Structure formats: structure tokens, C-alpha cells
Amino acid sequence: MEFVLERIAKKGSYKIGRLSIKEEVVDEYSTGEKLTYLCDTLEPKWRDYAHGDNKIKGKSAIPEGRYPIVITYSPTFMKWLPLLLGVPNFSGIRIHQGNTVKDTKGCILVGENKQVGKVFNSRKYVDLVKAKIVEVKDKGEGVWIEIR
């Protein structure tokens, strides 16, 4: 299974995105992908690392790319949460609950973007993302996230 996070609004101190599940579509006429929307996302400020911007711990979004996801125990949140692996120059990047950019700690928050710069109903969407990951992992399949 592959999640796709499309960053749709890069604001001064935060980014809003759309998290979807990607499905490959093959029919007799074409091949492509179908994205099924899951929820909105909130991340800290994006920095242009390729052109000299520096990472600020806990206040910088991860670079675009494709990363495997596992679920591990988070001592910080004292619960099992999705963890992105292999993110260059970053560690401990999780998908977790929160409402504002201050809650991100450099990670990805999930929820409903009903107010500028915030997401709501975050716990509900963390549980939904975790359930989808567990369902696929129980079948022995891998889970990835592509950040665009």
C-alpha cells in the first residue's frame, strides 16, 4: 500500500497537504493511478535544502521522496504510532495527532483543515491511518508514503 501526501499550500511557517491512498489503475485503454482522499495534513515550514536552506530541528518539514512506514512504540507519545524510515538527515518522523504547527515537532499531523493553519479531529485520523497500515502489514505487505 502506498500513501501519497500532496503538499498543496506552502505558507510561511507551515504546510497543508492532502493524504490519499494510491491505487494503480490498469484498464484496456490506459495505465495510471487513482488517489483516494483520506484526510488533510499539517507540517512545519518547508525549507529549500537543495539551495542552501538549513534544517531547524523540530521546525522543518522533511524532503519530498518515498519512504517506508512501520508502526513502533513512541516513548514521547507513549503509544504505537506510524514512523517514517530512511528520511535523509531526519529521524523519529512520525504521523501523529495535534492541531497546530507547534504540535508537529517536525512530523506530519493528520486531521481536517477547517481553520487556517490548523487541523482538527486528529486522533480520529491517526487511528484511521494506523488501522490501514496494520491491515496491510498483517497481510505481510509493505507500506510506503510518497511525499510530493
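This text goes with the structure placed above it.
The model shown is predicted, which means the values in this text are computed figures rather than measured ones.

A. Quick look at the overall build of the protein chain. When helices and strands are tallied, the protein chain shows one helix and nine strands. For 148 residues, the compact-globule estimate of 2.2 N^0.38 gives 15 Å, and the C-alpha radius of gyration of the protein chain, at 15 Å, lies within 12% of that figure. The C-alpha extent of the protein chain, read off along each of the three principal axes, is 45 × 35 × 30 Å. In the protein chain, buried positions account for 41% of the 148 residues. Across the protein chain, the fraction of contacts at a sequence separation of at least 24, relative to all contacts at a separation of at least 6, is 49%. Working note: accessible area of the protein chain is about 8,200 Å², and carbon and sulfur atoms make up 51% of it.

B. A look at the packing of aromatic side chains. Applying the stated criterion across every chain, the model contains one aromatic pair. Ring geometry for Tyr73 against Trp80: centres 5.7 Å apart, planes inclined by 70°, an arrangement best described as edge-to-face. Of note, Lys55 hangs over the ring of Phe90, and the distance from its end group to the ring centre comes to 4.2 Å.

C. Seen up close, the nonpolar core. Counting 25 residues, the largest nonpolar core has Phe3, Leu19, Ile62, Ile69, Leu84, Ile145 and Ile147 as its most contacted members. Going through the elements one at a time, β1 (2-10), β2 (14-26), β3 (31-44), β4 (65-74), β5 (79-84), β7 (108-115), α1 (122-138) and β9 (144-147) are the ones with two or more residues in this core. The element best represented in this core is α1, accounting for five residues. Not counting residues up to four positions away in its chain, the partners in contact with Ile147 are Leu5, Arg7, Ile62, Glu64, Gly65, Tyr67, Leu84 and Ile108. Membership of the second largest hydrophobic core comes to six residues, among which are Ala9, Ile16, Leu42 and Val119.

D. Fine view of the pattern of salt bridges. If you walk through the whole model with that rule in mind, you get 11 salt bridges. One salt bridge in this structure joins Glu146 and Lys22, with 3.6 Å as the shortest N-O distance. Here the residue Glu146 occupies a position in strand β9, and Lys22 occupies one in strand β2, the gap between them amounting to 124 residues. Put simply, Glu146 and Arg148 hold a salt bridge, and the shortest N to O gap is 3.0 Å. Through salt bridges with shared partners, one network takes in Glu2, Glu6, Lys22, Glu24, Glu33, Arg66, Glu146 and Arg148.

Definitions and limits used
Residues numbered from 1 in each chain as written. Predicted model: local features only at pLDDT ≥ 70, side-chain atom pairs only at ≥ 80, totals over all residues. Heavy atoms only, no water. Helix = DSSP H or I, 4+ residues; strand = E, 2+ residues; numbered from the N terminus. Rg over C-alpha atoms; globule rule 2.2 N^0.38 Å. Buried < 20%, exposed > 50% of the residue type's maximum accessible area, 1.4 Å probe, protein only. Contact = heavy atoms within 4.5 Å. Areas by Shrake-Rupley, 256 points an atom, 1.4 Å probe, with all protein chains shown as cover. Phe/Tyr/Trp six-rings, centres within 6.5 Å; stacked < 30°, edge-to-face > 60°. Lys NZ or Arg CZ within 6 Å of the ring centre and 35° of its normal. Core = buried A, V, L, I, M, F, W, Y, C linked by side-chain atoms within 4.5 Å. Salt bridge = Lys/Arg side-chain N within 4 Å of Asp/Glu carboxyl O.

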